[in-house]
Every structure is written in structure tokens, then in C-alpha cells.
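Here are the chains, one letter per residue:
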Amino acid sequence: MAIFNKDMVALAGKNELWQKEVYRDAKVQIVLMAIPAGEEIGMETHRADQTTFIVEGEAKVTIDGHNTTAGPNHLVVVPKGAEHNVVNKGPGVLKLFSVYAPPAEPEGAAFKTKAEAEEAEKGLLAKAAEKVKDVVGG
């Protein structure tokens, strides 16, 4: 077993990709994000608990219709199945990292932009639909 021991604040601070996976095993995934000013993740839900640590910037976080703000050194917990969104409310890039248990994002995620990440997600959904068709004989 390899040990993952990193300075997550430094990694997140240097990250310039929209989304970048830095660790994954069967039970946990760690993903860095750099969200440009005015952009947002978009409402989503996961079949995983998500813990997000804000490194730089100002975020508006919505969880199941409730809003809060989070800045540097704030930790936000999003329970499994909760509808949530993160919006960059500051003038600069919002830098954060999230820990998902179990993994919730595409394996090996490394996307420069939100559009790139959304395209990859569509591809994953299409592959999943094909697998279902194969299983049910459709």
C-alpha cells in the first residue's frame, strides 16, 4: 500500500485545472478544483459523502436549499445524496479540494475547464447506458 502524504494547501494553491484527481483508492478520492471568478460547479448530487476545504477565494455553498459562505481555511461537509452547488463569489480563482468517500468523480479526472469535465461526464453516462442495455438485452 502506498502512503498518500501531501501538503494539500500547497497542491490546491498551485492547481490551475478546473478539476484534478490527486488520489484514489477503493474507498476515497481526493480532487483539486480551480473555479474561475463568477463560475460555479452547478447543482449536483453524489452517492458519496463530500468534504470540501477552501484554500483561496470566497465561495457561496448551497446544500439542500440552504446557503452559507466559506473562505480560506473553511471546511464544508456535503452529506451523501444532498443536492449542492459551489459558486465562486470572489474576484479571483476559487481554489479548493474535496474528499469523496467513496469516490464520486471520474477516475483520473484532469480537466482544464468545466466544459471539458461536463463532456467527459456525458461520455461516462453514455457508456453506463450501453452497459445497462447489454445487461437487459436492449
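Bear in mind the structure is a predicted one, so any value in this text is a computation, not a measurement. (Residues numbered from 1 in each chain as written. Predicted model: local features only at pLDDT ≥ 70, side-chain atom pairs only at ≥ 80, totals over all residues. Heavy atoms only, no water.)

Novice: Provide a residue-level description of the environment of Phe111, including the pertinent values.
Specialist: In this structure, Phe111 sits in strand 9 (residues 110-111). Sequence separation of Phe111 and Trp18 is 93 residues, and the distance between their C-alpha atoms is 5.7 Å. Each residue touching Phe111, except ones within four places of it in the same chain, is listed here: Leu17, Trp18, Gln19, Pro106, Glu116, Ala117 and Ala120. (Helix = DSSP H or I, 4+ residues; strand = E, 2+ residues; numbered from the N terminus. Contact = heavy atoms within 4.5 Å.)

Novice: Which residues make up the sheet that holds strand 7 (residues 84-88), and what are the values?
Specialist: Judged by pairing direction, the sheet is antiparallel, and its three strands sit side by side in the order 5-4-7 without closing on themselves. Only two strands of the sheet have a single neighbouring strand rather than two, namely strand 5 (66-70) and strand 7. Going from strand to strand, the sheet's axes swing by 20° on average, the running direction of each strand aside. Bridge analysis of strand 4 (residues 59-63) against strand 7 gives five bridges, and the strand direction is antiparallel. Within strand 7, the residue paired with Val61 across the bridge is Val86. (Pairing = 2+ DSSP bridges. Axes fitted to C-alpha atoms, helices over the stretch in contact; angles between N-to-C directions.)

These results come straight from atomic positions and should not be treated as a statement about function.
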